[in-house]
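Spelled out from the first residue to the last, the chains are:
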Amino acid sequence: MKEKHTIILTVMNRVGILARISGLLAQRGFNIESVIGALTEDPDVYKITLVLYESERAIEQVTKQLNKLIDTIKVIDISHKNNYIIREYIIIKVKVNQNTRSDVIELIDVFKAKPLDISQTHIITELSGNVRKVDRFIDLMKPYGVSNYVRSGEFAMTEFNNENK
Amino acid sequence: MKGSKILLESLLKENVDTIFGYPGGSVIPIFDEFYNTNKIKFLLTRHEQGAAHAADGYARVTQKVGVCIVTSGPGATNTITGIANAKLDSIPIVVISGQVPSGNLGTDAFQETDMVGLTRSISKHNYLIKEVENIPKIIKEAFYIAKNGRPGPVTVDIPVDLMMQEVKNVKYPTKVELPGFKPNIKGNPKQVDKLVNAISEAKKPLLYIGGGVIISKAEKELVELIKKTNIPTVSTMMGLGSLPYDSENYLGMPGMHGVVSANYAIAECDLLIAVGVRFDDRITGPRDTFAKNSVVAHIDIDPAEIGKNIFADIPIVGDAKSVLKELNEKVKNRKKDDWNKKTEKWKNENPLKYDQKNSKKILPQFVINKVNEFVTDDTIIATDVGQHQMWSAQFYHHQKPNRYLTSGGLGTMGYGLPAAMGASFGFPKKQVILFSGDGSIQMNIQELATLALNNINVKIIILNNSFLGMVRQWQDLFWNKNYSATCLRRNSECKAQCKGPENDDDCPNLYIPDFVKVAEANGVKGLRTDKVEEVEKILKEGLEYDGPVLMEFLVEKEENVYPMVPAGKMNNQILLGD
Ligand SMILES: Cc1ncc(C[n+]2csc(CCOP(=O)(O)OP(=O)(O)O)c2C)c(N)n1
């Protein structure tokens, strides 16, 4: 059964590391739901959060292969762990008119989202939160007309008291 | 110091004394460096694929890292098959390729190909060097990665301008720092204990060993384990030679063309102890049918192999030698029992066979068997790919590890001649024999000239059946004898459809090429026969000759390799031939 897996990769900051990772997934025909990565507090180390929809067995195999990359320091599948703070960030552009503007602003308030730009016809707003919150926000905006949005994809950090940094 | 000199010094620091390769615009500075040193034995092959396979053959017999140097673009792409071949057989080679000048990277410059992109999925690791100062560090890492853990090919791409740059203070690192690469050598003792228990509880234990035993030099530990426990043993093709072929408790090779006893034993065992193997599909057949009745213990240094193809009840990540050593200390002695008797009975009742007595034509198996009379246990055998490869796995008397060079994982036709050449270049005093087919030999036949000019003493045996025999065999057995695109003598006179020369009196049967003439044109001694009674004489003359020889045996055209487990069938559904 295919289900969502969120995988955190800690890798060396080397040229081509993303190509190695995506190549490995492509060879096995995996689709990447989302991927986000950036340098960490150690400029030699890069952290990537990957979201894949695959079977448990396929994920087990691919995490082993990812681990095998020489530049990989660590791979964890956090899907079944609850000691992680997982966040996503979104910027979304919604259509508004005289009648709907106040409703949309009210929702933005409720979600503690932040308007970035407002015009006669559109509102652009940003929001961060867990994935469910982001999904729900998009859903609620849909009836007004969502022109487009960009999502960051998930990224995560361990809670305190967790040796699995 | 110049970049090219730094590269040479870095290679010398890795104890490199032999290099295979081919020059071109972007590596002239490197070759210029070789011009001024006598510390490197360099072999100019006639094709970059030859250089890559030669480095592979060299690595297999010397157990050192094989090195090859080629130019950018077509030189680099010509090594691709050699790199993939080394990856699938876990052979440590370092391929250094020139690259266009740094400033031209990514501009489709003359002879630019993206070597790191091309080799990403077929190398163990790869590098593009961007700063001349990094040459020593990267060369050190490349060699370290190639030979440690599960070995494999590493490629290093170097823009030509770096070779000419000067550096003042060159620093050579003394150790590598690779936080992400720490192979686990020692097996988890708890897991080893579990295996010890499993062995004492098992009624029908079976050892299934492979190339990992040879790579980790674990043959002594293996022999000791078998002596102590009398566990019947089967070996993959990559493992051949880790046990002498006539060892007690040894059944032979399982799989598609494996012996009956080995396949039956896998089907019936209740504990399968896999050591340094990867459960290749040519061994397992359909995975859900493989070793159905068995608990599986899997010892391998590569964690990604464990559970990849077959679920492991007792996974042990570690080096085969280290784990077997620990196992030997803990395991209880086991006496031969009914299970041993049963496997021996299978073995005795189902020997490999061929019937030369009732054939007027030379049978390929007969030639290989005869070769056994002319070798020592130190003889190195190389093969190409096809029926002759399977027959040499079956009928050659494998005695020692690192003496059987064959393309197991990739099945690369054209591997044999350059690999044999690399092996002989590494060990000039040892006898090196190549078994090839009339198809395979033509895929790197240009290296005959390299043999002759450098007096590389390889004895080539071509078993000429006029067909791409292994493919023809599948057509014969499973495709209604439609010999489509497998006859190497097919020519413009032939009928559109052909079911083979046996059924066709008008078969033009053109003998092209004349391999003996090809050999002689290249300065290699050539011998040929199609007569059974001359086989021994030709072998004697060829094998005793001082220098490279090509011996061609015109053999029975439609002989098939048996036993055969057809693709997709279970291991005990075996075709035995007549
Ligand atoms: C480079 C390459 N191309 C194609 C194949 C597919 N193939 C496997 S065996 C074989 C026939 C080999 O013929 P030959 O070398 O004459 O050996 P024989 O089987 O007749 O002993 C072919 C074409 C291959 N293994 N490698």
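Residues numbered from 1 in each chain as written. Chains lettered and ligands numbered in written order. Predicted model: local features only at pLDDT ≥ 70, side-chain atom pairs only at ≥ 80, totals over all residues. Heavy atoms only, no water.

Enquirer: Looking at this structure, I do not really get the domain arrangement of chain A. What am I missing?
Expert: Accessible area lost during the coming together of the parts is what is often quoted as the interface size. Residues and elements named next belong to chain A. Here chain A is described as being made up of domain 1 (3-77) and domain 2 (85-155). Using only C-alpha atoms to locate each centre, domain 1 and domain 2 end up separated by 29 Å. The partner domain 2 presents 5 residues to the 7 residues of domain 1 that form the contact. Across the domain 1 to domain 2 interface the summed buried area is about 440 Å²; carbon plus sulfur atoms make up 55%. Put simply, K4 and E154 hold a salt bridge, and the shortest N to O gap is 2.3 Å. Summed over the shared surface of domain 1 and domain 2, the number is 2 residue pairs in polar contact (both at pLDDT 80 or more). Within the residue set of the side of domain 1 that touches domain 2, elements represented by two or more residues are β1 (2-12), β2 (32-39) and β3 (45-55). (Domains from an automatic or database assignment. Contact = heavy atoms within 4.5 Å. Buried area = accessible area lost by both parts, 1.4 Å probe. Salt bridge = Lys/Arg side-chain N within 4 Å of Asp/Glu carboxyl O. Polar contact = N/O pair within 3.5 Å; in protein donor to acceptor, adjacent residues only side chain to side chain. Helix = DSSP H or I, 4+ residues; strand = E, 2+ residues; numbered from the N terminus.)

Enquirer: Could you clarify how one ought to interpret the nonpolar core in this entry?
Expert: What tends to happen in soluble globular proteins is that the nonpolar side chains get buried as a cluster. Residues and elements named next belong to chain B. Membership of the largest hydrophobic core comes to 61 residues, with the highest contact counts inside it found for I461 and F553. Ranked by residues supplied to this core, first place goes to helix α9 (residues 189-201) with 5 residues. Those residues in contact with F553 that sit more than four places away from it in its chain are I362, V367, I461, I462, L463, N464, T529, V535, I538 and L539. (Core = buried A, V, L, I, M, F, W, Y, C linked by side-chain atoms within 4.5 Å. Buried < 20%, exposed > 50% of the residue type's maximum accessible area, 1.4 Å probe, protein only.)

Enquirer: I'm lost on the packing of aromatic side chains in this one. Help?
Expert: Geometrically, a pair of aromatic rings is defined through the distance of the ring centres and the angle of the planes. All names here are of chain B. Across all of its chains, the model carries 15 aromatic pairs over all chains by this definition. Measuring from centroid to centroid gives 6.0 Å for W339 and W346, while their planes differ by 90°, and the two rings are edge-to-face. We classify W339 as buried; its relative accessible area is 3%. Overall, the relative accessible area of 12% leaves W346 in the buried class. Their ring planes at 85° and their centres at 6.2 Å tell us that W474 and F478 sit as a pair that is edge-to-face. On the criterion of helical spacing, the pair formed by W474 and F478 is a turn pair, its members being 4 residues apart in helix α20 (residues 469-478). On the accessibility criterion, W474 (25% relative accessible area) is partly exposed. Among the aromatic residues, those joined into a cluster by ring pairs are F20, Y58 and F425. Looking at K13, its charged tip hangs above the ring of Y172, at a distance of 4.1 Å from the centre. Taking the ring centre of Y545 as reference, the NZ or CZ of K525 above it sits at 4.9 Å. (Phe/Tyr/Trp six-rings, centres within 6.5 Å; stacked < 30°, edge-to-face > 60°. Lys NZ or Arg CZ within 6 Å of the ring centre and 35° of its normal.)

Enquirer: Quick question: what am I supposed to make of the sheet that holds strand β6 (residues 154-159) of chain B here?
Expert: Whether parallel or antiparallel, the strands of a sheet pair through hydrogen bonds between backbone atoms. All names here are of chain B. Taking strand neighbours across the sheet as the criterion, the 6 strands line up as β2-β1-β3-β4-β6-β5 in an open arrangement whose pairing is parallel. In the strand order of this sheet, the two ends are held by β2 (41-44) and β5 (125-128), each with one partner. Looking at each pair of strands side by side, their axes are set apart by 20° on average, direction ignored. Sheet analysis places strand β1 (residues 18-21) next to β2, joined by 4 bridges and oriented parallel. (Pairing = 2+ DSSP bridges. Axes fitted to C-alpha atoms, helices over the stretch in contact; angles between N-to-C directions.)

Enquirer: Explain the domain arrangement of chain B to me, please; I cannot follow it from the model alone.
Expert: Residue and element names in this part refer to chain B. Partitioning chain B into structural domains gives domain 1 (3-164), domain 2 (189-349) and domain 3 (364-554). The gap between the C-alpha centroids of domain 1 and domain 3 is 30 Å. Both sides of the domain 1 and domain 3 interface together cover about 2000 Å² of buried area, and 65% of this is carbon and sulfur. Together, L43, R46 and V61 form the three largest contributors to the area buried by domain 1 at its contact with domain 3, with a combined 30%. The interface formed by domain 1 and domain 3 holds 0 salt bridges in total. At the surface where domain 1 touches domain 3, the tally comes to 11 residue pairs in polar contact (both at pLDDT 80 or more). Put simply, the parts of the chain that give the side of domain 1 that touches domain 3 at least two residues each are β1, β2, α3 (48-62) and α5 (80-88). With 10 residues, the single largest contributor to the side of domain 1 that touches domain 3 is α3.

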